Amino acid sequence: MLILAGASGQSESGRFDLEVAARTESLTSACMKSHGFRYLPRNPHSVVDVEDASNFSSLGYARKHGFGISVFPHFAPETPAARSYLKTLSAASLKAYDAALPGCVDSAQRTTEKEYGIPEANSEWARVDDKVQHDRRYRSALEAWRSCATAAGHPARSRLALVTDLRKRYTSVMAGIQGGNHVLPQDKVAALAARRPAWRRFHRSELDAAVATFPCSRTTDRAYVSVFLRYLDQER
């Protein structure tokens, strides 16, 4: 819940995501074994990109990646052993493997979320967040953000609204790059994007917006965390 509220560091958030991914992979492997198949748990880093994940608390990140919208995630590659095993399966066995895997993944995810109390944390965060959103101290901080962002050349109702607008623009830009139904690997998409003036213009504008509004957001984020923790303390 503290991660959702932005009250913990980015490194702690990354460690949590990696731990959850590792547990999910382990449970998926056990489930597939019960179906008579071998499933090698993937490296958590092949599931979670902790290096490039959006980080609103770092000016260095803002200068390099903006809000994380136009980042092309980097994941650890799949192990050769996993691919080699699939090649040993007959056509019928591979079909059965493919049929069993989605159910195992879904079951593993639900079990992991339950073990880590994720549904409860999401629910509790949403309840406290609603109080924060209506708190005069945070609303005052939001007003200050709007004035600050407008002065910085990026008027918006909030950082969320600014990011949402940028994401809409990015979707349009990427539609012109990824045209068609064929899904390209991320490295190829990144190479294509880097050669497109529209993508470069968007990337530059995203970085400019993130850096220019960073001081505004830092003040508002501190206010949010302060008010959030006060409500949390009152309930304990």
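For the structure itself, look to the data block above.
Residues numbered from 1 in each chain as written. Predicted model: local features only at pLDDT ≥ 70, side-chain atom pairs only at ≥ 80, totals over all residues. Heavy atoms only, no water.

Caption draft 1: Expanded view of helix α4 (residues 91-115). Look at α4: 36 Å from first C-alpha to last across 25 residues, which is about the 36 Å you get at 1.5 Å a residue. Every buried residue of α4 is accounted for by Tyr97, Ala100, Cys104, Ala108 and Thr112. The inward-facing, buried residues of α4 contact α1 (10-34) and α3 (80-88). (Helix = DSSP H or I, 4+ residues; strand = E, 2+ residues; numbered from the N terminus. Expected span 1.5 Å × (residues − 1). Buried < 20%, exposed > 50% of the residue type's maximum accessible area, 1.4 Å probe, protein only. Contact = heavy atoms within 4.5 Å.)

Caption draft 2: Local environment of the nonpolar core. Core analysis: the biggest nonpolar cluster contains 21 residues, and Phe67 and Trp199 have the highest contact counts within it. Counting only elements with at least two residues in this core, the list comes to α6 (136-151), α7 (159-175), α8 (186-194) and α9 (197-234). No other element matches the six residues that α7 contributes to this core. Ignoring anything within four residues of it in the chain, the contact list for Phe67 reads Ser54, Phe56, Tyr61, Arg159, Leu162, Val163, Leu166, Glu206, Ala209, Ala210 and Thr213. Listed in part, the twelve residues of the second largest apolar core include Val128, Val132, Tyr138 and Leu142. (Core = buried A, V, L, I, M, F, W, Y, C linked by side-chain atoms within 4.5 Å.)

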